[in-house]
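# Structural overview for review
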Amino acid sequence: MASSSPPPPPPPKLPIPGRRNILITSALPYVNNVPHLGNIIGCVLSADVFARYCRLRGYNAIYICGTDEYGTATETKAMEEKCTPKEICDKYHAIHNEVYKWFDIKFDKFGRTSSPEQTEVCHAIFHKLMENNWLTENTMQQLYCDMCQRFLADRLVEGICPNKVCNAAARGDQCEVCTTMLNPTELIDPKCKVCKNTPRIRDTDHLFLELPLLRDKLVNYINETSVAGSWSQNAIQATNAWLKEGLKSRCITRDLKWGVPVPHEKYKDKVFYVWFDAPIGYVSITASYTPDWEKWWKNPDNVELFQFMGKDNVPFHTIMFPSTLLGTGENWTMMKTISVTEYLNYEAGKFSKSKGIGVFGNDAKDTYIPPEVWRYYLLMNRPEVSDTLFTWADLQAKLNSELLNNLGNFINRVLSFVAKRAGAGYDSIVPEAPHAESHPLTKALAEKTSKWVEQYLDAMEKVKLKQGLKSAMGISSDGNAYLQESQFWKLYKEDPANCAIVMKTSVGLVYLLACLLEPFMPSFSNEVLSQLNLSPEDLSFSEEKGEIVKAKTPWNFVPAGHKIGKPAPLFKELKNEEVDAHRKKYAGSQAERSLKVAAVAEANKVANQLKGTKLSEGGPKKEQKKQSCGSKSKTTAADVSVAKLDIRVGLIRKAEKHPDADSLYVEEIDVGEEAPRTVVSGLVKFISLEEMQNRKVCVLCNLKPVAMRGIKSHAMVLAASNEDHTKVELVEPPESAAVGERVSFAGYSGEPEASLSGKSKTWEKLAADLHSNGELVACYKDVPFTTSAGVCKVKTIANGEIR
């Protein structure tokens, strides 16, 4: 039998006369990276909660978002990943889509700015601005690369910071070391990032939007709308700061290839600056949603526009984008309400996409903590007024105390009791409850519930999402207190009529919680409705259907005689050891975590290769050759005594990053032979490049050469790590030890149990034990190895291993 095809998507929603029509956007996430939790709460999640609330209330609302795909950052990322900008956009658009889908974000349209609609809408707006004389031409000086035949954007220039107290390597936009904001022309010895040649300064003409001339129109709009739309205080402050500083002409074109082309003969080789075209993406993505997009975007009398973003995006939405729309002279739907978040910080620092610090969208999925828990935590911790802090301990506390012990406990107690067989419960049938309004305890609960609902609606209408969530959770707390005070388990036998009132009222509260919490935790609400045996499709909370009135009489939400489904626990406890594991796993940056994983993988790979690798006898090369000619034995690492390890004092003459492996160094090490040996080490994550230069190390020299990512390694540097490999240090010979001197094992008598087979993982399992002077002595099975100058040491790591 042929499978049925999926149902066609619903037709696009359009504004309906007489209804409340709400257009919701969240700041378009930039496409060159994976979004972190700060990005998610700052825009897409907050907007999703409000959009779901609007749908729940019966408003005619659409939620528009998409990836911001043009600009320098995309070109730079494409160069880093050796692909085209379009391939980068395709890759990360899919990643964003997947992350948001997992977080239960429900867009009406999640689009892209690299679309034909974007070009079309941008061109139309540009032509209107030209016609109305809001654009002017001006000449700028930029660095030009003759080799690449292009003007270089800020991020494509590298050089030395001009700050005399710094002089570190810097990009053309900012020095990462001293944080000085820069222009590329200020760099000392600037180089093109692509070809490494020196660019020259060259004049280039650009188009500018004359913001000073649009100031009066803009200020009138801001003064009227910020009051009518109840703009958040942080949005008002950021906007006023820009106005106070004085508006300046703003360049709208760039010398790039990846962007919306400028439809002007003189500027046909340029594209629009991303600040200009990105907000237009809201319009173009709506145009890809419906050809009747103007009914949403050019209909200010019937459509309210709500926009969500982080505080760094405010000027683009209260100054730049409104000025652009006002300059066209057309009847645009202008933003009514702006909801702005401060920063969500991570443990001891800041979330950062560029530095990879924090928990990212794909990380959240890998924790196996359900999306409804992440949503709840982020929204309860939403930085509405000031910066807030993500900590694993706080996540654990909110899950275990608020979700598990409060909300989950209330719902499970109610439904489990109703589901009990007759004689112990109600056999899954909601009981009759006449005269519930005259039951004092229930009447008091209903009054409290009605007040919570009023607070919830007031907060949500004002886009105070955190307060809305707290109000809904207040109903759950009161529900638990109601159950406890009623002692329903006694009433069941002693006063069945009042017990029925308590349980029918409590089932009504369960439904009400599923309703009010759906915008915040949709998958939770769906599960609760399933346990209630009710359809999610029927969920609403609107005046027209009478649900708001029912909040005053919660026993009326679910009719008597209704059969509920099968109760089950809704949340799972997050234990201390899980929290510790997550904290450890997501410490540092994404790059560091990736390097750590890669380094461990490389080490395991080499260890596996070495399991069957021959060890030649120790000593100088000529002796090795003579001995190998005189013996044809097939001795392997597992059979060789530790005394046969040729460990020597080496001096790293030069160390650099491996060209094809981020986790590896390539060193040239002098071990007392005619020429230095090339050695590849997986130490990037643990030891800085500066620390690798010109230092003495212990080197295992009689390993069979192994190719590591295309470069053959002719020895191995010995290092020690702690148990979880979060810290690694090189094993250091005494300072006066001679280069090329062979390291001996003090007190070693050649007993069979001291052979390599005595350890579980061949030679790299040499142990490092704590020495009496507080330093670590490098040893094998309690036998320290030494040079004539003294014992080899690892200075800071206790209970580690020599690898």
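Residues numbered from 1 in each chain as written. Predicted model: local features only at pLDDT ≥ 70, side-chain atom pairs only at ≥ 80, totals over all residues. Heavy atoms only, no water.

Along the backbone of the chain there are 22 helices and 33 strands. Sorting the 803 residues of the chain into buried and exposed places 53% on the buried side. Counting only contacts in the chain whose residues sit at least 6 apart along the sequence, the fraction spanning at least 24 positions is 74%. For the chain, the computed accessible surface area is about 36100 Å², with 51% contributed by carbon and sulfur atoms. (Helix = DSSP H or I, 4+ residues; strand = E, 2+ residues; numbered from the N terminus. Buried < 20%, exposed > 50% of the residue type's maximum accessible area, 1.4 Å probe, protein only. Contact = heavy atoms within 4.5 Å. Areas by Shrake-Rupley, 256 points an atom, 1.4 Å probe, with all protein chains shown as cover.)

Applying the stated criterion across every chain yields a total of 30 aromatic pairs. Between Tyr53 and Tyr456, the aromatic rings sit 6.2 Å apart at their centres with planes inclined by 70°, giving edge-to-face as the arrangement. Pair noted here: Tyr53 is in helix α1 (residues 37-56) and Tyr456 is in helix α14 (residues 440-461), with a separation of 403 residues, a long-range link. A single burial state applies to Tyr53 and to Tyr456, both of which are buried. Both rings, one in Tyr221 and one in Trp231, keep their centres 6.3 Å apart while their planes meet at 65°; by these two values the pair is edge-to-face. In this pair, Tyr221 sits in helix α5 (residues 215-228) while Trp231 sits in the loop between α5 and α6 (233-245), placing the two residues ten residues apart along the sequence. (Phe/Tyr/Trp six-rings, centres within 6.5 Å; stacked < 30°, edge-to-face > 60°.)

Before going further, it helps to spend a moment on the packing of helix α4 (residues 116-131) against helix α10 (residues 314-328). Here α4 crosses α10 at 65°, and the two axes come no closer than 8 Å. Regarding the angle of α4 to α10, the classification is roughly perpendicular. Every pair of crossing elements has a handedness; the one defined by α4 and α10 is left-handed. In this structure, α4 uses Ile125, Lys128 and Leu129 to contact α10, whose residues at the interface are Thr324, Leu325, Gly327 and Thr328. Taken together, the residues of the contact of α4 with α10 sort by class into three nonpolar, three polar and one charged. (Axes fitted to C-alpha atoms, helices over the stretch in contact; angles between N-to-C directions. Parallel < 35°, antiparallel > 145°, perpendicular 65-115°, else oblique. Left-handed = near helix turned anticlockwise from the far one by under 90°. Nonpolar A, V, L, I, M, F, W, Y, C, P; charged D, E, K, R; others polar.)

Tracing the sequence through the fold places Ser232 in the loop between α5 and α6. With 106 residues separating them along the chain, Ser232 and Ile338 place their C-alpha atoms 6.8 Å apart. Setting aside chain neighbours within four positions, we find Ser232 in contact with Ile338, Ser339 and Val340.

This part covers the sheet that holds strand β6 (residues 157-160). Here we have three strands laid out as an open sheet, ordered β7-β6-β8, and antiparallel in their pairing. With partners counted over all chains shown, the strands left at the sheet margins are β7 (169-171) and β8 (188-192), one partner each. For this sheet, the mean angle separating the axes of adjacent strands, direction not counted, is 25°. As paired elements, β6 and β7 share three bridges and run antiparallel to each other. (Pairing = 2+ DSSP bridges.)

Before going further, it helps to spend a moment on the sheet that holds strand β21 (residues 696-700). Where strands meet in a sheet, backbone hydrogen bonds hold them as pairs that are either parallel or antiparallel. Ordered by their spatial adjacency, five strands build an open sheet running β20-β19-β18-β21-β24, and the pairing between neighbours is antiparallel. If you trace the sheet from one side to the other, it starts and ends with β20 (677-681) and β24 (716-717), each paired once. One ladder, built from five bridges, connects strand β19 (residues 665-670) with β20; its direction is antiparallel. Paired with Glu668 across the two strands is Thr678, which belongs to β20.

Of note, the phi angle at His435 is positive, near 65°, even though the residue is not glycine. With respect to the helices and strands, His435 occurs in the loop between α13 (392-419) and α14. Residues other than glycine seldom take positive phi values, yet Val463 does so here, at roughly 60°. If you trace the backbone, Val463 turns up in the loop between α14 and α15 (465-486). Of the residues examined, Val463 reaches a relative accessible area of 6% and is grouped as buried.

In summary, soluble globular proteins display a tendency toward joint burial of nonpolar side chains. Within the largest apolar cluster, 164 residues are counted, with the highest numbers of intra-cluster contacts made by Ile24, Trp374 and Phe541. Sorting elements by how many residues they give to this core places helix α17 (residues 496-517) first, with 14 residues. Setting aside anything within four residues of it in sequence, one finds Trp374 in contact with Leu37, Trp102, Phe103, Val359, Ala364, Thr367, Ile369, Phe390, Trp392 and Leu395. Counting residues in hydrophobic clusters, the runner-up holds 19 residues, among them Tyr665, Val671, Val717 and Ala719. (Core = buried A, V, L, I, M, F, W, Y, C linked by side-chain atoms within 4.5 Å.)

Our focus in this paragraph is helix α12 (residues 371-380). Counting buried positions along α12 gives ten out of ten residues, so the element sits mostly inside the fold. Among the residues of α12, Pro371, Glu372, Val373, Trp374, Arg375, Tyr376, Tyr377, Leu378, Leu379 and Met380 are the ones counted as buried.

Burial within strand β14 (residues 335-341) is extensive, with six of its seven residues counted as buried. Note that strand β13 (residues 303-310) and β14 share six bridges and pair parallel. Bridging across to β14, Leu305 finds its partner in Met335. The parallel pair β13 and β14 is bridged by α10, and the resulting crossover is right-handed. (Right-handed = clockwise from strand over helix to strand, strands pointing away.)

Per the stated rule, a full pass over the model turns up 42 salt bridges. When the shortest N-O distance is used, the salt bridge between Arg150 and Glu75 registers 2.6 Å. With a gap of 75 residues between them, Arg150 in strand β5 (residues 150-151) and Glu75 in helix α2 (residues 72-80) connect regions that are remote in the sequence. Residue Arg695 is joined to Glu732 by a salt bridge in which the shortest nitrogen-to-oxygen separation is 2.6 Å. (Salt bridge = Lys/Arg side-chain N within 4 Å of Asp/Glu carboxyl O.)

A word on the confidence of the model for the chain. Of all residues in the chain, 84% attain a pLDDT of 70 or more, and the chain-wide mean is 85. In the predicted structure, residues 612-640 sits below a pLDDT of 50 and forms 42 contacts with residues beyond four places in sequence or in another chain. In this model residues 798-803 is a low-confidence stretch, pLDDT under 50, and it forms 35 contacts with partners more than four residues away in sequence or in other chains. (pLDDT = per-residue confidence, 0-100.)

We now examine the pairing of β19. Taken across its six residues, β19 has five buried, putting it largely inside the fold. Where strand β18 (residues 647-657) and β19 come together, six bridges link them in antiparallel fashion. Bridging from a neighbouring strand, Lys654 pairs with Glu668 of β19. Where β19 hands over to β20, the hairpin turn is made up of six residues, of which Gly672 adopts a positive phi near 85°.

Once that is clear, we can look at the side chain of Gln531. Mapping Gln531 onto the fold places it in helix α18 (residues 522-532). Residue Gln531 is classed as buried on the basis of its relative accessible area of 1%. Within polar-contact distance, the side chain of Gln531 engages the side chain of Glu527 at 2.9 Å. In this structure, Gln531 is in contact with Leu415, Ile564, Gly565, Lys566, Pro567, Ala568 and Leu570, ignoring residues within four places of it in sequence. (Polar contact = N/O pair within 3.5 Å; in protein donor to acceptor, adjacent residues only side chain to side chain.)

In this structure, Ala419 sits in helix α13. For the pair formed by Ala419 and Ile564, sequence separation is 145 residues and the distance between their alpha carbons is 7.5 Å. Sequence-distant contacts of Ala419, defined by excluding residues within four places in its chain, comprise Asp427, Ser428, Ile564 and Pro567.

On to the side chain of Thr442. The topology assignment puts Thr442 in helix α14. The residues contacting Thr442, other than those within four sequence positions of it, are Ala436, Tyr482, Ile501, Thr505 and Trp555.

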